[in-house]
Amino acid sequence: MRTLALNGSPRKCWNTAQLLESALSGAREAGSQTEMFHLFDYNYKGCISCFGCKRRNSKLCHCYFKDGLSPILEKILQTDILLLGSPIYFGDVTGQMRNLLERLGFITLTYDNPQQKFFPGRIDSAFFYTMNIPATLAKNYGYEALFQRQLLPLQRLGGSSQYYAAYNTLQFDDYSQYRCSYFNAAEKERSRQEDFPKDLEAAYQIGFQLVKERLALAAEEGTESN
Ligand SMILES: Cc1cc2nc3c(=O)[nH]c(=O)nc-3n(C[C@H](O)[C@H](O)[C@H](O)COP(=O)(O)O)c2cc1C
């Protein structure tokens, strides 16, 4: 049983990475091997529209454009559980995450009518989002639609998909050092102390449950996971 986490934040130890680490520790506790990659360590583009993956007789679910993302795409297609994490930048996922989703999304999407299932295996997934704004504002801004939309390529991976959003995150260690009067530093600190531990626990439970459910399914079917 393999669980792969991909961090779409440039920061390797902050909110998004911590949520993913917590989910991975839940996954380990439930019996999975785990691995984490930081997408900003890799040099790659989004889909370049070469259509190699759409050619007749092309290998299914294969990206023909080779760059720094190629080994990560291979890893994704071989994992059992996929955990993605991204901060919200200007109302969307980060560019690095977006580029990954374009590549993964296009190799799993068919232009056939009726739609065929390109990916033969099963990958259960969860998407973790972190952001500055509180939950009420996120609701007013329609962020829910954004959270759901990122799940579309994941739904083509044959497993369950879900998301978790952590709001009102701490952005800097010391707010007094930055020009940021828009934010209430005391409220940010309160949220860090009171809300973020709950987010970490929720992430842990998601990692744990995904692995437990997958192991139960494998036992029921009498199959090994891929
Ligand atoms: C360039 C940039 C754009 C951002 N845009 C938004 C935004 O549109 N909405 C929001 O709620 N937070 C926004 N944020 C805040 C981050 O989403 C938030 O601090 C997040 O938790 C950072 O994740 P990290 O700690 O894992 O790096 C932005 C931050 C940066 C650096």
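Before reading on, note that the structure itself is shown above.
Here the structure is a predicted model, which means the values were calculated and not measured. (Residues numbered from 1 in each chain as written. Predicted model: local features only at pLDDT ≥ 70, side-chain atom pairs only at ≥ 80, totals over all residues. Heavy atoms only, no water.)

Trainee: Pulling in residues and values, what's your account of the nonpolar core?
Mentor: Core analysis: the biggest nonpolar cluster contains 38 residues, and L6, I76, L82, L84, L100 and F127 have the highest contact counts within it. Secondary structure elements with two or more residues in this core: strand 1 (2–7), helix 2 (70–78), strand 3 (81–89), helix 3 (95–108), strand 5 (123–130), helix 5 (143–149) and helix 6 (151–155). Tallying contributions element by element places helix 3 first for this core, with six residues. In contact with I76, other than residues within four places in its own chain, are L4, L6, L82, L100, L104 and I123. Residues A5, L20, A30 and F196 belong to the second largest nonpolar core, which totals 20 residues. (Core = buried A, V, L, I, M, F, W, Y, C linked by side-chain atoms within 4.5 Å. Buried < 20%, exposed > 50% of the residue type's maximum accessible area, 1.4 Å probe, protein only. Helix = DSSP H or I, 4+ residues; strand = E, 2+ residues; numbered from the N terminus. Contact = heavy atoms within 4.5 Å.)

Trainee: I'd love a proper account of the site of the ligand, names of residues and values included.
Mentor: Close to the ligand lie 17 residues, the nearest being S9, R11, T16, I88 and T169. A distance of 2.8 Å is found between an oxygen atom of the ligand and a side-chain nitrogen or oxygen belonging to T130. Taking I133, its main chain carries an N or O atom lying 3.0 Å from an oxygen atom of the ligand. Across the complex, the protein chains shield 82% of the 640 Å² of accessible surface that the ligand would expose by itself. Looking at the shell around the ligand residue by residue, the class counts come to eight nonpolar, eight polar and one charged. (Near = heavy atom within 4 Å. Polar contact = N/O pair within 3.5 Å; in protein donor to acceptor, adjacent residues only side chain to side chain. Areas by Shrake-Rupley, 256 points an atom, 1.4 Å probe, with all protein chains shown as cover. Nonpolar A, V, L, I, M, F, W, Y, C, P; charged D, E, K, R; others polar.)

Trainee: Kindly report on the packing of helix 1 (residues 15–29) against helix 8 (residues 196–221), identifying the contributing residues and their values.
Mentor: One way to put it is that helix 1 packs onto helix 8 with a least axis distance of 7 Å and a crossing angle of 40 degrees. By the angle between their axes, helix 1 is oblique relative to helix 8. You can see that helix 1 and helix 8 cross each other, and the crossing is right-handed. Residues N15, Q18, L19, S22, A23, S25, G26, A27 and E29 of helix 1 lie in contact with helix 8, whose contacting residues are F196, D199, L200, A203, Y204, G207, F208 and V211. By residue class, the composition of the contact of helix 1 with helix 8 is nine nonpolar, six polar and two charged. (Axes fitted to C-alpha atoms, helices over the stretch in contact; angles between N-to-C directions. Parallel < 35°, antiparallel > 145°, perpendicular 65-115°, else oblique. Left-handed = near helix turned anticlockwise from the far one by under 90°.)

Trainee: Could you give an account of the pairing of strand 5, with specific residues and numbers?
Mentor: Of all eight residues in strand 5, eight are buried, a share of seventy percent or more. Going residue by residue along strand 5, you find I123, S125, F127 and Y129 tucked away on one face and D124, A126, F128 and T130 tucked away on the opposite face as well. Pairing analysis gives seven bridges linking strand 3 to strand 5, with the strands arranged parallel. Paired with I81 across the two strands is D124, which belongs to strand 5. (Pairing = 2+ DSSP bridges.)

Trainee: An account of the pattern of salt bridges is requested, with residue identities and associated values reported.
Mentor: Scanning all chains against the criterion turns up ten salt bridges. Where E35 meets K75, a salt bridge forms, and the shortest distance between an N and an O atom there is 3.2 Å. A residue pair is termed long-range when its members are at least 10 positions apart, and E35 in strand 2 (residues 33–38) and K75 in helix 2 qualify at 40 residues. R103 is paired through a salt bridge with D67; the nearest N and O atoms lie 3.0 Å apart. With R103 in helix 3 and D67 in the loop between strand 2 and helix 2, this pair connects stretches of sequence that are 36 residues apart. (Salt bridge = Lys/Arg side-chain N within 4 Å of Asp/Glu carboxyl O.)

Trainee: Explain the side chain of K188 to me, using residue names and the numbers behind them.
Mentor: Relative to the assigned elements, K188 resides in helix 7 (residues 185–194). It turns out K188 is buried and unbridged, and the closest side chain with the opposite charge, E187, is 7.5 Å from it. In this structure the side chain of K188 is engaged in a polar contact, spanning 2.8 Å, whose partner is the backbone oxygen of T169. Once residues lying within four places of it in the same chain are set aside, the contact partners of K188 are N132, N168, T169, L170, Y175 and F183. (Lys, Arg positive; Asp, Glu negative; His and termini not counted.)

Trainee: Which residues make up helix 7, and what are the values?
Mentor: Buried within helix 7 we find K188, S191 and R192. Looking straight down helix 7, one finds that the buried residues subtend no more than 100 degrees of arc, so they occupy a single side. Residues of helix 7 that are exposed and angled more than 90 degrees away from the buried face: A186 and Q193. The inward-facing, buried residues of helix 7 abut helix 1 and helix 8. Its side-chain oxygen placed 3.0 Å from the backbone nitrogen of A186, N184 serves as the N-cap of helix 7. (Arc of directions from axis to C-beta.)

Trainee: Kindly report on unusual backbone geometry, identifying the contributing residues and their values.
Mentor: Residues N113 and P114 are joined by a peptide bond in cis, for which omega reads 0 degrees. For P114, the position within the fold is in the loop between helix 3 and strand 5. The phi dihedral of C61 is positive, around 55 degrees, even though this residue is not glycine. By the element assignment, C61 lies in the loop between strand 2 and helix 2. On the basis of relative accessibility, which here comes to 8%, the residue C61 falls in the buried class. Here N168, not a glycine, exhibits a phi torsion of approximately 55 degrees, which is positive. Among the structural elements, N168 can be located in the loop between strand 6 (158–166) and helix 7. N168 gets classed as buried once you look at its relative accessible area, which sits at 10%.

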